Amino acid sequence: MNQVSLGLTTAGAALMMISLVIGEFATGGWTNYPPYTGAVFSPGVGPDYWIWSVVIAGIGSLMSGINFCVTIYKCRAPGMTLMRMPLFVWTTLCSAIMLVYAMPPITVSSLMLALDRVLGFHFFTNDLGGNMMNYANIFWMFGHPEVYILVLPAYGIWSEIASTFSSKRLYGYSSLVLATMAIAVIAFTVWLHHFFTMGQSASVNIAFGIATMVIAVPTGVKVYDWMATLWRGRIRMTVPMVYMTGFFILFTVGGLTGVILANPSVDYQVHNSVFLVAHFHNVLIPGVLYGVLAGIHYWFPKVFGFRLDERTGRLTAWLWVIGFSLTFLPLYVLGLQGMPRRLPSFTEAAYGPWVTIAGFGALVILLALTMLFVTLWVSIRQRGQLSVPLGDPWDGRTLEWSIPSPAPAWNFATIPVVRDRDDFVARKGAGQAYEAPARYEDIEMPRPTYLGLTLCLAMTVMGFAIVWHIWWLALVSFVIVPASLIYRAFLPESEVEAVVPAAVVAAEDRAWRKAIAEARGVTRDEEDSPANCGLAAPEGEPA
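Scope of this entry: the structure provided in the associated data block. Per-chain numbering applies: the sequence of each chain, read as written, is numbered from 1 onward. The predicted nature of this model means local features are confined to residues of pLDDT at least 70 and side-chain atom pairs, given and counted, to a pLDDT of 80 or more, with totals for whole chains, interfaces and linings taken over all residues. Based on all heavy atoms of the structure, the side-chain values leave hydrogens and waters out of the count.

The next subject is unusual backbone geometry. The amide bond that connects P34 to the next residue, P35, takes the cis arrangement and shows omega of 5 degrees. Structurally, P35 is set in the loop between α1 (2–19) and α2 (46–74). Going from S405 to P406, the amide bond is cis rather than trans, its omega being -5 degrees. Relative to the elements of secondary structure, P406 occurs in the loop between α12 (352–381) and α13 (423–429). We note that L128 has phi near 55 degrees; this positive angle belongs to a residue other than glycine. Strands here are runs of E lasting at least two residues and helices are runs of H or I lasting at least four, both read from the DSSP assignment and numbered beginning at the N terminus. Relative to the helices and strands, L128 is located in the loop between α3 (87–119) and α4 (132–164). With relative accessibility at 68%, the residue L128 sits in the exposed group. Burial here depends on accessible area, computed with a 1.4 Å probe over protein chains only, as a share of the maximum for the residue type. Under 20% is buried, over 50% is exposed, and the range in between is partly exposed.

Have a look at this one:
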């Protein structure tokens, strides 16, 4: 299911890329608002590409949400109760639940728009009972929860980073869980703040404005909990912590401007100005992009077996923070001066200095993006010195750091039994982190399959055929989807699953444990040095 959902998401992306070279790219903006995207005003294929890309990718995202929910609910390790799960798992779970509820509205609204365009329905036209505001409401029922679908996993990353690089137990774990769940619920009650100016009554605007202010409260709880986690901790200013420093400052500014925009009276003044552009990026780039980059640096050694270079990584992180600040903070001033967004040119002289600063900041961001690839290139060249095969380069706290790097295909040689929220830390403190299991068992693994790729290609062709009204090709492509699923369902078990013998698992696991027994643990001061092979010297937690 995971592979199929990825295939469908890729198919949606492929359709958008195809539209750049065959036909025309989406002409209705990223929201695809009717009536401009109706058949009368946009008879070309641009809106159709958008519609079928969103529908196909949306089904893939819905399947991903279901898959993550079921996995987290049903496949936890023994002893891993809900309140022992890492915060990253909690935020992933809440984000997945939101996907399940948020994707149907965007899928339905897109299909309704397709019916308007292809079969002459009147859901969103100005005649025969249609109303384009129905589209705006349905679209933003997805559109605002989608913001939190993006940012919640990043919140989980910040929780793991704050705890690991301060060498402290996460402060306020229960409040962080409750705040995450509160955000997941309240996110579905604030969509109308995206169009305060579009004609609804003052009382409706007030209700959604209050809800928008309320959602800032659980987010503030998270920020205070992360700061309390860092307080009096033994902080290591690694690359993830540089990103977190930038996140604290910039995300707070973005959140406060969001509370300002929650006031409908203020929103009327700055609506459709670059003030809104500044706020949106001030939340998403420090909140999501910095979180993703910090998470990549944090988990990269677990996936590939070697750390990313710290020197170039720190430079990259600072370039992102400085470049963002120079690019987007001036937009607040420009927005208050009245500069609208999507402006190709301007004659107002007062805009000039601020636009120049923002343009210079954009060049710094381009340099930061370049440095990402430089960091990767330098790290690959020095992967021998940066190798961490023993698996725990950061003195980690969660179970993924208790296995080799890169992780074997089966992850854990034996399923761990969890007895504590920071179980790996507790076992390291008791000297039991790397005790060999009493016995090994055969491990069942799924065999590689072409199902996801097959469905990806079939849905890409189907979407393309519908856009160009090649109905026979669309039908053939559609039939391939259930046929592939039925074919796989009837495959014998030996062609679906493979068994890794216990002897193979035991040999690899014992070799790794032997290497650990012969290695010397590194202190925090040696964490950036070639001596760090993935075994941290035990240290007590600060009071």
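A 1.4 Å probe that fits but cannot get out identifies a cavity on a 1 Å grid over protein atoms alone, an open set with protein on both sides within 12 Å along at least five of seven lines counts as a pocket, and a residue lines either if it has an atom within 4 Å of a point. Grid points are joined across faces, edges and corners, and a volume is the space filled by probe spheres set on the points. Looking at the second largest pocket, its volume works out to about 1300 Å³. Around the second largest pocket, the lining is made up of 43 residues, and of these H144, H193, L276, H279 and F280 lie nearest the centre. If you list the elements that add at least two residues to the lining of the second largest pocket, you get α4, α7 (216–230), α8 (239–261) and α10 (274–304). Just so you know the grouping, Ala, Val, Leu, Ile, Met, Phe, Trp, Tyr, Cys and Pro go in nonpolar, Asp, Glu, Lys and Arg go in charged, and all remaining residues, Gly too, go in polar. A per-class count over the lining of the second largest pocket returns 22 nonpolar, 17 polar and four charged. When residues are assigned to domains, the lining of the second largest pocket turns out to be shared by domain 1 (1–235) and domain 2 (237–387), each giving three or more. Note that the domain bounds were set by an automatic or database domain assignment.

Remember, this is a structural readout, not a statement about activity or role.
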